[in-house]
Amino acid sequence: MTSIRPKIISNFSGVMALTLLMILSSCSSVPKRNPVPPELAREAEIPGVPEARFWSDELPRFTAERLAKFSSAEYRKHFSGIYGKPHHYLAISGGGANGAFGAGLLNGWSDSGKRPIFTMVTGISTGALAAPFAFLGSDYDDELKTLYTDTSTDQIIIKKSLLTAVFRDSIVDTKPLRQLIADTITVDMIDLIAQEHKRGRRLFIGTLNLEAGRPMIWSIGEIAVSEYPGKYELIHDILAASAAIPVVFPPVLIPVEVDGKSYDEMHVDGGTGMQVFAYPSTIDWNLFRKKLAVKGTPKVYVIRNSFLDLRHKLIKSRIAPIANRSIDSLIRTQGIGNLFHIYAQCVRDGNDFNLAYIPSDFDETPKERFDPVYMTKLFDLGYERGRKGYSWKKEPPYFKVNR
């Protein structure tokens, strides 16, 4: 949910609060922790689920071993649902309330009768909340629509007083968000994700390990099929972490283990590391396609829940508007960089690149962080374009090839 930001400082009392924060931060009341020592960070894992996650910039050991050692028969067995079939990969970006665009697009795509079953779905931030519904298919379109048209700000966060925030780890309390995730991403849904994982389909969610400063990718299906006793709560934690904007939302502490000793990791919004991702660039995708006997050219669909052009806007010479505008620009340019990265992967690997994003002529303005009226209009826009057959962009914006 990287597009949601606080009004950082709006008046003199805000400046005083920030000053108090810096002076008293050593006294802050924060959860007692047992963080992973830096030298053990690479060995930390979810107990009993060694394939639960991997660093986004490394080829997982288990993937490398599988590519090197699995026979054709083993691939048919472990990837029965995707072996010898066309592949369709969906990547859903962050964007906060703008996730309504992607939700509408998916609903309209379903009603067009042309939406494929996705081989793999990835999600970051607000995209992490939409990804389980997209992964399970069109039968969950109604739930996805409800999430992005009936949700208001008070169903996501509880605002803290400035004085309270000084002594805590965030500006808002996200208990409502945690409850919303538990209510919408149900045990039954997670069990269905497990079934699809056994057939070879994959659902990946991105967070940022704040202390390592590196993006981490979580295999939700791998956790869902495991015997880990707290797997449902862990999946909810991962989804909450992917939406946990640093400073604004509290970070999520995830329990891990090294050599039988318990520690915790601090995870925050996946959009802090990347706005959207398709698949690890370290994988030899041509070998992967060969091993799985992929039929035809894999299609990569990227839904960027954002505007890609930052409209000209006069900025007051004050800290809050300057900071907010700077964050807007940072998120936009980071997102465009991520799109170019995915495009380069597709060119290298021979995959078909397809991009959707919010058009610049959509000029509605939300009245609050999560404005149901604004989100419904954005959902309707995405829905109509999806239903009519979305004109997917074949290149990132501003990219021109000399032909």
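Residues numbered from 1 in each chain as written. Predicted model: local features only at pLDDT ≥ 70, side-chain atom pairs only at ≥ 80, totals over all residues. Heavy atoms only, no water.

### A short note on helix α5 (residues 126-136)
And step 1. Within α5, eleven of the eleven residues are buried, which leaves the element mostly enclosed by the surrounding structure.
And step 2. Every buried residue belonging to α5 is among Thr-126, Gly-127, Ala-128, Leu-129, Ala-130, Ala-131, Pro-132, Phe-133, Ala-134, Phe-135 and Leu-136, and all of these are buried.
And step 3. Gly-137 occupies a position one or two residues after α5 and carries a positive phi of about 100°. (Buried < 20%, exposed > 50% of the residue type's maximum accessible area, 1.4 Å probe, protein only. Helix = DSSP H or I, 4+ residues; strand = E, 2+ residues; numbered from the N terminus.)

### Things to note about the packing of helix α4 (residues 99-112) against helix α6 (residues 141-149)
And step 1. At their nearest, the axes of α4 and α6 sit 9 Å apart, and the two run at 155° to each other. The pairing of α4 with α6 is recorded here as roughly antiparallel in orientation. Relative to α6, α4 is oriented so that their crossing is left-handed. Between α4 and α6, the contacting residues are Gly-99, Ala-100, Ala-103, Leu-106, Asn-107 and Ser-110 on the first element and Asp-141, Asp-142, Leu-144, Lys-145 and Tyr-148 on the second.
And step 2. Tallied by class, the residues present in the contact of α4 with α6 amount to five nonpolar, three polar and three charged. (Axes fitted to C-alpha atoms, helices over the stretch in contact; angles between N-to-C directions. Parallel < 35°, antiparallel > 145°, perpendicular 65-115°, else oblique. Left-handed = near helix turned anticlockwise from the far one by under 90°. Contact = heavy atoms within 4.5 Å. Nonpolar A, V, L, I, M, F, W, Y, C, P; charged D, E, K, R; others polar.)

### Brief notes about the pattern of salt bridges
And step 1. This structure, assessed with the given rule, holds 16 salt bridges.
And step 2. Residues Asp-264 and Arg-33 are paired through a salt bridge, measuring 2.6 Å at the closest nitrogen-oxygen approach. Placement of Asp-264 in strand β9 (residues 261-269) and of Arg-33 in the loop between α1 (12-24) and β1 (53-55) is noted, with a sequence separation of 231 residues between them.
And step 3. Using a relative accessible area of 10% as the deciding quantity, one classes Asp-264 as buried.
And step 4. Across the salt bridge formed by Arg-214 and Glu-58, the nearest N and O atoms sit 3.2 Å from each other. Within this pair, whereas Arg-214 is found in strand β7 (residues 214-219), its partner Glu-58 is found in the loop between β1 and α2 (61-69), the two being separated by 156 residues in sequence.
And step 5. Judged by its relative accessible area of 18%, Arg-214 is buried.
And step 6. The exposure class assigned to Glu-58 is partly exposed, which follows from its relative accessible area of 26%. (Salt bridge = Lys/Arg side-chain N within 4 Å of Asp/Glu carboxyl O.)

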